[in-house]
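Chain by chain, the residues run as shown.
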Amino acid sequence: MAKYSFELKLKIIHEHLEGKGGYVYLAKKYSVKSKKQVEDWVNSYQEFGEEGLLRKRQNQKYSVQFKMGAIELYQTTEMSYREVANHLEINNPSLITNWMRKFRAEGIEGLSKAKGRPSEMPKKEKQKKRISPERDALEQARIKELEKQVRSLQIENAFLKELRKLRKQEAQQRQMNQSHESSTASEDNSN
């Protein structure tokens, strides 16, 4: 059984939406572990309705391509993890956070690793299939092409990150200039 019933979650959400309490107050009132939990429930309810509150009986499996798409969306937009999750109709934003952390630490291989403990039984070694030299050469060429694409995407990613950083700096500079101009104008008016 789930730690918090569907009915309790719904009651807390309705109280919050009716303005009867904030996240912290409602978490304390109903002995919920944290305000973040209440905040997540409210977000899931607002994005997906009551279905967003239901526990999934089966863990969803996501492909490496889907995970890479989510990471790319996060990196190329100014969306938060929660916004990316909502956009992709995932009711658990921490999945995006975990994928991003694994990708930064281990690259694409980190996203494709199997979960759980490895089997203690030794695997039987299969006889290697003999690959023809022509096929081997084709595979090597394909690998080189993919490595080239990865390097190109890494460069593009670094460029976009730098561009985002520069845009933030420009916005801050404009804001500082505007506040400086308004304070100078008010000084001139007072003289």
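Structural data are supplied above this passage.
Residues numbered from 1 in each chain as written. Predicted model: local features only at pLDDT ≥ 70, side-chain atom pairs only at ≥ 80, totals over all residues. Heavy atoms only, no water.

Enquirer: Explain the pattern of salt bridges here, please?
Expert: When charged atoms on two side chains of opposite charge get close, those side chains can pair. Counted under the stated rule, the structure contains 7 salt bridges. Residue Asp40 pairs with Lys36 through a salt bridge whose shortest N-O separation is 2.9 Å. Placement of both Asp40 and Lys36 in helix H3 (residues 35-48) is noted, with a separation of 4 residues, approximately one turn of the helix. One connected set of salt bridges, linked through shared partners, spans Lys36, Asp40 and Arg82. (Salt bridge = Lys/Arg side-chain N within 4 Å of Asp/Glu carboxyl O. Helix = DSSP H or I, 4+ residues; strand = E, 2+ residues; numbered from the N terminus.)

Enquirer: Any chance you could explain the packing of aromatic side chains here in plain terms?
Expert: Aromatic ring pairs: the centre-centre distance and the angle between the two ring planes describe each pair. For the coordinates displayed, the defined rule picks out 4 aromatic pairs. Between Tyr62 and Phe66, the aromatic rings sit 5.0 Å apart at their centres with planes inclined by 15 degrees, giving stacked as the arrangement. The exposure class of Tyr62 is partly exposed, given its relative accessible area of 24%. With a centroid separation of 5.3 Å and 70 degrees between ring planes, the pair formed by Tyr62 and Trp99 is classed as edge-to-face. In this pair, Tyr62 is assigned in the loop between H3 and helix H4 (64-76) and Trp99 in helix H6 (residues 94-106), connecting sequence segments 37 residues apart. With a relative accessible area of 6%, Trp99 lands in the buried category. (Phe/Tyr/Trp six-rings, centres within 6.5 Å; stacked < 30°, edge-to-face > 60°. Buried < 20%, exposed > 50% of the residue type's maximum accessible area, 1.4 Å probe, protein only.)

Enquirer: Got a minute to help me understand H6 in this structure?
Expert: Turn by turn, an α-helix covers 3.6 residues, leaving residues three or four places apart pointing in a common direction. In a regular helix each residue adds 1.5 Å, so 13 residues correspond to 18 Å; H6 covers 18 Å between its end C-alpha atoms and thus fits that length. Where H6 is concerned, the buried positions are Ile96, Trp99 and Met100. End-on, the buried residues of H6 take up no more than an arc of 100 degrees, which puts them together on one face. Where H6 is buried, its residues touch H4, helix H5 (81-87) and helix H7 (108-112). (Expected span 1.5 Å × (residues − 1). Arc of directions from axis to C-beta. Contact = heavy atoms within 4.5 Å.)

On their own, these measurements won't tell you what the molecule is for.
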